[in-house]
Amino acid sequence: MNTLTLPTVDEEIWRYSRIGELNLDQFELGKVATKIDVSSQAKQFVSSATNIAPRNATDIFEDLNVRHAQLTAISIAKNQVVAEPIVITHSLHESGVVAYPRLVIEAHENSEVTVVERFISSANAKSLIVPVVDVRAAQSARVTYVAINELGASTWQIGYQQAVGQRDSMMKLFTVALGGDYARMRAEVRLEGQGANSQQVALYFADANQMHDFRTLQDHAAPRTHSSLLFKGAVKDTAKSVYTGLIRIRENATKSEAFQTNRNLTLSNGAWAESVPNLEIETNDVKCSHASTVGPIDEEQRFYLESRGIQPEIAERLVVLGFFDEVLNRLPALPFVSGLRERVSTKLLGAKS
C-alpha cells in the first residue's frame, strides 16, 4: 500500500491508543468473507448497493473505508416491521491483509429492524479489519444493532459506528468485545429530531496482551432528546482498556436528558484501565450525568462468597459475571447472545492470573 499519514497519540481522540505500533504498509488490500442469515421476509431489504452516499471521513481509516468499502446495505420500508433479526457474519482467516466492510442500515418512517454484525478471524491471522456502520433512523423508526467482536488474538480492529436519529426515533446500539489484539471502536450517536432516543451498551473483556479502546459521542442536536450509555469492561493479566466519552448538548437541545456510565474491573496487578468522561453543555434546562470507576473486585463481595465455602477462583468468576449481568440483561433475547455469558466465563477460566 502507498505510504499514508496515520494519526498519532498526540491527538486527543487517539490518546492512550496503540496506533504507534501500526504500519499500514505491511498489509495488502483484501476482503472479509461475508455471510448474511436472513428470513425470507427480510431478503428484499438487503442488498450490496453501490449508490450509497459516502460519509464524511474523520481520519485516514474512514477515508480508506469510503474508497475500498465492501458494502452491505439494509433499507427498511416505511411502516415495515422485520420480525426476525438480520445476522451478518464477517470472517477473515488470512494474514497480511486489510479489509474494509461497511454496513448501512436505513430505517424509514415507523419501521423496525434488528441487525447483528459478527466479526470472526483465525487465532493467527495478523491482519486489520476497519469496519464502518451507519445507522439512519427516520421519524419513529426503531433500530437495534448488535456488534460482536470474536476476532482472533492476532487481528487488529479499528472500527466506526455512526447513528443518526430523527424525530421520536429509537436506536439501541450494543457492542460485545471479547477478541482481537488491539480492538478500537469509535461510536457516535447524533439525535437530530425532537424526541429522538438512543441507548449505547457495551461489554468488553481483555486478557493476556489485548487492548480494547472505546471513544463515544452522544450528540444532542434537537430538543427533548434522550440518550443513555452504559459501558462495562474488565481487564486481566497485562491487558489494557481505554474509554473516553463526550456528551454534547447543543444550544437548541433544551429539555434533553443524557446519561453516561463507564465501569471497569482490574483483575490483575499488571492490568490497566483508563476512563475519561466529559460533558459539553451549551444550554440550560437539561439533565445530564456521567460516572466512571476503575478498580479491583469488591473485596466484601468476594469475602461474602468465600465465607460460604465458595472457592476463591469461583468467587471471582461469580463476582465478574454479576458485574456484567447489567449489560447482558439488556441485550436482545437472541440464541447466540444467550451464550455470551458462557464465553465470558470461559475467558475468565482461561486467562492467566
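Computed from a predicted structure; not experimentally measured. (Residues numbered from 1 in each chain as written. Predicted model: local features only at pLDDT ≥ 70, side-chain atom pairs only at ≥ 80, totals over all residues. Heavy atoms only, no water.)

A. Spatial organisation of the environment of Ala-73. Note on placement: Ala-73 falls in strand S4 (residues 70-76). When the C-alpha atoms of Ala-73 and Asp-134 are compared, they prove to be 9.6 Å apart, with 61 residues separating the residues in sequence. (Helix = DSSP H or I, 4+ residues; strand = E, 2+ residues; numbered from the N terminus.)

B. How the structure looks around the packing of aromatic side chains. All told, the structure shown has eight aromatic pairs when counted by the stated rule. With a centroid separation of 5.4 Å and 85 degrees between ring planes, the pair formed by Phe-214 and Phe-231 is classed as edge-to-face. Of the two residues, Phe-214 is situated in strand S16 (residues 211-220) and Phe-231 in strand S17 (residues 226-235); the sequence distance between them amounts to 17 residues. Each member of the pair, Phe-214 as well as Phe-231, carries the same accessibility label: buried. Look at Phe-231 and Tyr-243: their rings are 5.5 Å apart centre to centre, the planes differ by 55 degrees, and that puts the pair in the tilted class. (Phe/Tyr/Trp six-rings, centres within 6.5 Å; stacked < 30°, edge-to-face > 60°. Buried < 20%, exposed > 50% of the residue type's maximum accessible area, 1.4 Å probe, protein only.)

C. Looking closely at the pairing of strand S12 (residues 156-165). Across the ten residues that make up S12, a large majority, nine, are buried. As paired elements, strand S9 (residues 128-129) and S12 share two bridges and run parallel to each other. Its bridge partner lying in S12, Leu-128 is registered against Trp-156. Inspection of the sheet shows strand S10 (residues 132-137) paired to S12 by six bridges, in the parallel sense. Counted as the bridge partner of Val-133 is Gln-161 from S12. Sheet analysis places S12 next to strand S14 (residues 182-191), joined by nine bridges and oriented parallel. (Pairing = 2+ DSSP bridges.)

D. A look at the nonpolar core. With 30 residues, the main nonpolar core has Leu-203, Phe-205, Leu-267 and Phe-324 as its most contacted residues. When residues of this core are traced back to their parent elements, those giving at least two are strand S11 (142-150), strand S13 (170-177), strand S15 (197-206), S17, helix H3 (312-328) and helix H4 (340-350). Top contributing element to this core by residue count: H3, with eight residues. Within the second largest apolar cluster, 26 residues are counted, among which are Val-133, Ala-141, Ala-163 and Leu-191. (Core = buried A, V, L, I, M, F, W, Y, C linked by side-chain atoms within 4.5 Å.)

E. Just unusual backbone geometry, in detail. Although it is not a glycine, Arg-224 sits at a positive phi angle of roughly 55 degrees. Note on placement: Arg-224 falls in the loop between S16 and S17. By relative accessible area, Arg-224 is classed as partly exposed at 49%. Despite not being glycine, Asp-237 shows a phi value in the positive range, around 60 degrees.

F. Geometry of the sheet that holds strand S8 (residues 112-121). The mixed open sheet is built from nine strands, whose spatial order is S2-S5-S8-S11-S13-S15-S17-S19-S21. Each having just a single partner strand, strand S2 (33-37) and strand S21 (287-295) make up the two edges of the open sheet. Pairs of neighbouring strands in the sheet enclose a mean axial angle of 10 degrees, with direction left out of account. In the sheet, strand S5 (residues 86-92) pairs with S8 via seven bridges, with the strands oriented parallel. Within S8, the residue paired with Thr-89 across the bridge is Arg-118. Those strands touched by H3 are S15, S17 and strand S19 (257-266), and its axis lies near 155 degrees from that of S17. (Axes fitted to C-alpha atoms, helices over the stretch in contact; angles between N-to-C directions. Contact = heavy atoms within 4.5 Å.)

G. Seen up close, the pattern of salt bridges. Applying the stated criterion across every chain, the model contains 26 salt bridges. Taking the shortest distance from any N to any O, the salt bridge between Asp-219 and Arg-250 comes out at 2.9 Å. Of the two residues, Asp-219 is situated in strand S16 and Arg-250 in the loop between strand S18 (240-249) and S19; the sequence distance between them amounts to 31 residues. Using a relative accessible area of 5% as the deciding quantity, one classes Asp-219 as buried. Of the residues examined, Arg-250 reaches a relative accessible area of 27% and is grouped as partly exposed. Measuring nitrogen to oxygen at the nearest pair gives 3.8 Å for the salt bridge that ties Glu-326 to Arg-330. (Salt bridge = Lys/Arg side-chain N within 4 Å of Asp/Glu carboxyl O.)

Just geometry here; none of it tells us what the structure is for.
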